[in-house]
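Structural overview for review
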Amino acid sequence: MPPKKIVKFEQDSPGRKLSILHRLSSVYLAGPLSELGIARGSLPFLMKILRCEGIIQEDLTRSLCIDRAATARALQNLEKEGLVSREEDPQDRRKKRVYPAAKIKDLQENIIDILQAHNEALFAGFDEEEQLQLLDMLDRMTSNMHTKLHGKYGPKGK
């Protein structure tokens, strides 16, 4: 039988609960997204690119808290699938701007419908006040981790 300390830790661990929720959400989203030809791992990239057309690749990396190599691989796959395109920034040729392709723009309403259904499943039984409180708490937890990882002023003291 596991020690009481381990049992208590598992019961009270937000990281464990968030991890389980993430895995369940991934399974929930996988089917509907695959019907659209979208891998669930590409969803954060696609949503950010749809929201910020022409985003600089490095900014995409930072905003999603993903390393450069993973971003480059994901964008390479999304380009092969015809979902995004990358172009040199006219002011700085070292930078790449990322744009959504027509194919993903055509699917964006379907994606929103899938994500809305996911949100409804997550918030089942929550009133509006509880939903707002939960979202605020998650934002605060995210901010706590950013501060812990990057210090008060972000990476490298900036």
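So, here is what we can say about the structure in this document. (Residues numbered from 1 in each chain as written. Predicted model: local features only at pLDDT ≥ 70, side-chain atom pairs only at ≥ 80, totals over all residues. Heavy atoms only, no water.)

A cluster of nonpolar residues, L18, L21, L122 and M141, forms a patch on the protein surface that exposes about 290 Å² of accessible area. On the secondary structure map, L21 appears in helix α2 (residues 14–35). By relative accessible area, which is 38% here, L21 ends up partly exposed. (Patch = residues over 30% accessible without salt bridge, like charges linked within 9 Å, V, L, I, M, F, W, Y side chains within 5 Å. Areas by Shrake-Rupley, 256 points an atom, 1.4 Å probe, with all protein chains shown as cover. Salt bridge = Lys/Arg side-chain N within 4 Å of Asp/Glu carboxyl O. Helix = DSSP H or I, 4+ residues; strand = E, 2+ residues; numbered from the N terminus. Buried < 20%, exposed > 50% of the residue type's maximum accessible area, 1.4 Å probe, protein only.)

On to the pairing of strand β3 (residues 96–100). Both faces of the sheet carry side chains from a regular strand, because those side chains alternate between them. Pairing of strand β1 (residues 55–56) with β3, which is carried by two bridges, proceeds in the antiparallel orientation. Bridged to I56 within β3 is R97. (Pairing = 2+ DSSP bridges.)

What follows is about the nonpolar core. Formed by 21 residues in total, the largest nonpolar core has its most connected members in I49 and I104. At the level of secondary structure, the elements contributing two or more residues to this core comprise α2, α3 (43–51), α5 (68–80) and α6 (102–122). Residues within four places of I49 in sequence aside, it is in contact with I55, L60, L75, V84, V98, Y99 and P100. (Core = buried A, V, L, I, M, F, W, Y, C linked by side-chain atoms within 4.5 Å. Contact = heavy atoms within 4.5 Å.)

Note that Q133 resides in helix α7 (residues 128–150). Separated by 16 residues in sequence, Q133 and L149 place their C-alpha atoms 24 Å apart.

By the definition in use, this model includes one aromatic pair. Ring centres of F123 and F126 lie 5.9 Å apart, and the angle between their planes is 75 degrees; on these two criteria the pair is classed as edge-to-face. On the basis of relative accessibility, which here comes to 17%, the residue F123 falls in the buried class. (Phe/Tyr/Trp six-rings, centres within 6.5 Å; stacked < 30°, edge-to-face > 60°.)

Right, let's get into a negative patch on the surface. A cluster of like negative charges, contributed by D127, E128, E129 and E130, occupies part of the molecular surface. Structurally, E128 can be placed in helix α7. What makes E128 exposed here is its relative accessible area of 62%. (Lys, Arg positive; Asp, Glu negative; His and termini not counted. Charge placed at Lys NZ, Arg CZ, Asp CG, Glu CD.)

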